[in-house]
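Structural overview for review
Below are the chains, spelled out letter by letter.
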Amino acid sequence: MSREKSWKEISPAGVCSKPSTAFLTGDWKTFTPVRDLEKCTTCLLCVIYCPDGAIRFRSEAGKIEFDYRFCKGCGICAKECPTKAITMKLEKGE
Ligand code: SF4
Ligand code: SF4
């Protein structure tokens, strides 16, 4: 009868040696978030909800900015925006 291996006996799993910031994952996306400045109240909920940290608040400009180099186009920001200021578009860019 075979015995299950202990954690000390199994092979180490593959580990990526680079942080996710070393990869420009933005080119994975199909849809791109685009914000309507008229509707945006700068509540910053999208900044909190973005799982990739791809939305930043620029205090000097008083507005949020998308970092399309890392945005994967998941659409969470558009879903969570309370004023529906973000729409997901097929074309790239804001
Ligand atoms: S969640 Fe919507 S209203 Fe709030 S900062 Fe983001 S785009 Fe603007
Ligand atoms: S679409 Fe997803 S990854 Fe891109 S900015 Fe919105 S929440 Fe972040």
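Structure shown above.
Residues numbered from 1 in each chain as written. Chains lettered and ligands numbered in written order. Predicted model: local features only at pLDDT ≥ 70, side-chain atom pairs only at ≥ 80, totals over all residues. Heavy atoms only, no water.

1. Section: the site of ligand 1
Near ligand 1, the surroundings consist of Arg35, Cys40, Thr41, Thr42, Cys43, Leu44, Cys46, Ile64, Cys81, Pro82, Thr83 and Ile86. Split by residue class, the shell around ligand 1 holds 8 nonpolar, 3 polar and 1 charged. (Near = heavy atom within 4 Å. Nonpolar A, V, L, I, M, F, W, Y, C, P; charged D, E, K, R; others polar.)

2. Structural notes on the site of ligand 2
Close to ligand 2 lie 14 residues, the nearest being Cys50, Cys71, Cys74, Gly75 and Cys77. For the shell around ligand 2, the residue count by class is 10 nonpolar, 2 polar and 2 charged.

3. Focus: the packing of aromatic side chains
Under the definition given, this model contains 1 aromatic pair. A ring pair is formed by phenylalanine 66 and tyrosine 68, whose centres lie 5.7 Å apart and whose planes are at 25°; its orientation type is stacked. In this structure tyrosine 68 comes out as partly exposed when scored by relative accessible area, which is 21%. (Phe/Tyr/Trp six-rings, centres within 6.5 Å; stacked < 30°, edge-to-face > 60°. Buried < 20%, exposed > 50% of the residue type's maximum accessible area, 1.4 Å probe, protein only.)

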